[in-house]
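Here is what each chain is made of, one letter per residue.
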Amino acid sequence: MDWTPGGLSRDVEDRRDSSGGGGFGFGGGGLGIVGILFLLVISLITGRNYIGSYLSGGGRVTTPSSSSTRPVEHSAAEDRSAQLVSFTLDDVQQTWEKLLPEQTQHPYRHAKLVLFRGYTRSGCGAAQSQTGPFYCPQDEKVYIDLSFWDELRRLGGGTAEFAQAYVVAHELGHHVQNILGIEQQMRQLQARNPGAKNQLSVMLELQADCLAGVWGHSAEARGIIHQDDVDAGLKAAAAVGDDHIQKMSRGAVSPESFTHGSSEQRQTWFMRGLKSGEVSQCNTFQSAGRSSGSF
Ligand SMILES: [Zn+2]
């Protein structure tokens, strides 16, 4: 992957030092200029974007307390991952800002991405590193614990980087489904056809893979990703961490019955998005003989 580390995205909430409790609440009714300057200084010293957390958190931010918790040292590999996540997040969202209205007449709205360590709260319940990366439709945020990606990073080089970018693009694919109302339609379908629950989950997941591919089409055209990234990285990404959106948003799907589809299916749908660059090519519901879930 060709990308340049460039700090944290405005849409990233970095909770790596404050997740799991132990921080102190800050603000509430607005910080004032002194508070803002304090956050700026802390951000410059630590290299983390507390200003962004403050602004995106609607006036509340949690910073690590020097007395109760020591800021955690991030490894160089993890910091690079955080920057890659930021880069990908911005690139994917800029792509959708342009493509979604063009192709579907729906305006795109930005999702946030929460980096955390160990445990944090989400609009869909507790987020833990074991859960894996996921998108929460209730608060429109993607949750990622970078320690979960150690395995991806061990692959090294461009493969690992593309695999991480792919996970971010897949989760934002779920955000696009949320904007288009497909998530909600699928839940209604599942309620009406309990027997088809898993099959419908797979269609939703494969569609998110295809939507990740639509971004990939644009990224490939701009020289950010290359064929070798795609070949190796996709296998890795499919094998390691993906979200458990079903479990998180509805709480009752047993892991053994939940599936994202086979690796082969996932690659097929990703490639379909990648080759075409068209949202209309991602109708996994239609190709299974259903009319719902169309764009
Ligand atoms: Zn997913």
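Everything here concerns the structure above.
Residues numbered from 1 in each chain as written. Predicted model: local features only at pLDDT ≥ 70, side-chain atom pairs only at ≥ 80, totals over all residues. Heavy atoms only, no water.

## Comments concerning the environment of E264
Structurally, the position occupied by E264 is in helix α10 (residues 263-276). C-alpha of E264 to C-alpha of K235: the two residues are 29 residues apart in sequence and 9.0 Å apart in space. (Helix = DSSP H or I, 4+ residues; strand = E, 2+ residues; numbered from the N terminus.)

## Considering the sheet that holds strand β8 (residues 141-145)
Sheet strands associate in pairs through backbone hydrogen bonding, adopting either a parallel or an antiparallel arrangement. Across the sheet, which stays open at both edges, the 4 strands sit in the order β1-β4-β8-β7 with mixed pairing between neighbours. Edge positions in the open sheet fall to β1 (12-15) and β7 (134-136), since each of these has one partner strand only. Taking the axes of each pair of neighbouring strands and ignoring which way they run, one obtains an average angle of 25° across the sheet. Taken together, the 3 bridges between β7 and β8 define a ladder with antiparallel strand orientation. Bridging across to β8, C136 finds its partner in K141. Against the sheet, helix α3 (residues 76-104) makes contact with β1 and β4 (112-116), and its axis sits at roughly 170° relative to β4, the strand it touches most. (Pairing = 2+ DSSP bridges. Axes fitted to C-alpha atoms, helices over the stretch in contact; angles between N-to-C directions. Contact = heavy atoms within 4.5 Å.)

## Notes on the packing of aromatic side chains
Throughout the structure, instances matching the rule amount to 5 aromatic pairs. Note on F162 and F270: the rings are 6.1 Å apart at their centroids and 70° apart in plane angle, and the pair reads as edge-to-face. Of this pair, F162 sits in helix α5 (residues 157-180) while F270 sits in helix α10, placing them 108 residues apart in sequence. The residues F162 and F270 share a single accessibility class, namely buried. With a centroid separation of 5.6 Å and 80° between ring planes, the pair formed by Y166 and F270 is classed as edge-to-face. Residue Y166 is located in helix α5, and its partner F270 is located in helix α10; the two are separated by 104 residues in the primary sequence. Looking at F270, the relative accessible area reads 1%, which means it is buried. (Phe/Tyr/Trp six-rings, centres within 6.5 Å; stacked < 30°, edge-to-face > 60°. Buried < 20%, exposed > 50% of the residue type's maximum accessible area, 1.4 Å probe, protein only.)

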